[in-house]
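# Results of the structural survey
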Amino acid sequence: MKIKNLKIWALASVAIVALAGCTQDEDYKTAEFTPLVLAEDFLHSADNTPLVITNWENIATAGTAKWKQQIYQGNGYAEFTSYQSGEPSNIGWLVSPAVSMDAAEGEILRFQVSQSYVSNTVSNKLEVLISSDYDGTNFAAATWTPLQANLPTVDANYFVFQDSGEIDLSGYTGNIHVAFKVTGGTANAIDGSYQIDNVRIYHN
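Residues numbered from 1 in each chain as written. Predicted model: local features only at pLDDT ≥ 70, side-chain atom pairs only at ≥ 80, totals over all residues. Heavy atoms only, no water.

With that settled, consider the nonpolar core. Among the nonpolar cores identified, the biggest contains 30 residues, and Phe42, Trp67, Leu109, Phe111, Phe180, Ile196 and Ile201 are the most heavily contacted of them. For this core, the secondary structure elements donating two or more residues are strand 8 (75-81), strand 11 (107-116), strand 12 (125-131), strand 16 (175-184) and strand 17 (193-203). Filtering out sequence-adjacent residues up to four positions away, phenylalanine 42 remains in contact with Leu51, Ile53, Trp56, Gln69, Gly76, Tyr77, Ala78, Leu94, Ile196, Asp197, Asn198 and Val199. Leu129, Tyr134, Phe139 and Trp144 belong to the second-largest nonpolar core, a separate cluster that totals 11 residues. (Core = buried A, V, L, I, M, F, W, Y, C linked by side-chain atoms within 4.5 Å. Buried < 20%, exposed > 50% of the residue type's maximum accessible area, 1.4 Å probe, protein only. Helix = DSSP H or I, 4+ residues; strand = E, 2+ residues; numbered from the N terminus. Contact = heavy atoms within 4.5 Å.)

Take a look at the structure:
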């Protein structure tokens, strides 16, 4: 099952209409993003292949599963799943390019996120992290701090995108990287999936 999702873009604002799931439609309208510091819509690779985006990093730190490109009706999104990996543990990171926090003030991170077949968000979890000391090469040595976001629970409808909420980044200076990290595996039914789309960093 793929996400039914149609994007409608305007110059001053972004309205995203998510036609998701089998039983309901949900509308999302994001804030007016002027100007955008980072914008990623995930439409770069072939459907159901490892996601390849210039200046983004797709890293497996446990197992071999990586974030994949998924496309439905022309809409791209990023997905990480341990389903059928054959490995007891999978950890995948999707790391943004460096983003300068010095050009303006009041930076906000916002994105859309959904889950499918996740039965335990403690063992099979999505984390949103930020680093201000990652130099782009020494990934393991960097400090990664969790960000608070509105993430799907086990009761969330599968493949239905929800808004992360506005995540305040205004306390950071210099260059930062944002990472989406999923922990899962085929052991103990932790092989659910998470989907990410419409990642934005903008000035409030």
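Having put the structure on the table, let's press on.
A few words on the side chain of serine 96. Among the structural elements, serine 96 can be located in the loop between strand 9 (90-95) and strand 10 (99-100). Apart from the residues lying within four places of it in its own chain, the contact partners of serine 96 are Leu38, Asn55, Trp56, His177 and Val178.

What follows is about the packing of aromatic side chains. Throughout the structure, instances matching the rule amount to 11 aromatic pairs. Considering the side-chain rings of tyrosine 134 and tryptophan 144, the 5.6 Å spacing of their centres and the 50° angle between planes classify their relative orientation as tilted. Taken together, the residues tyrosine 134 in the loop between strand 12 and strand 13 (145-146) and tryptophan 144 in the loop between strand 12 and strand 13 connect sequence positions 10 residues apart. For the residue pair tyrosine 134 and tryptophan 144, the accessibility class agrees, reading buried in each case. Ring geometry for phenylalanine 139 against tryptophan 144: centres 5.7 Å apart, planes inclined by 45°, an arrangement best described as tilted. The same class applies to phenylalanine 139 as to tryptophan 144, namely buried. Three or more aromatic residues link up through ring pairs in this structure, and these residues are Trp93, Tyr134, Phe139 and Trp144. (Phe/Tyr/Trp six-rings, centres within 6.5 Å; stacked < 30°, edge-to-face > 60°.)

From the geometry alone we can't say anything about function, so treat these as descriptive.
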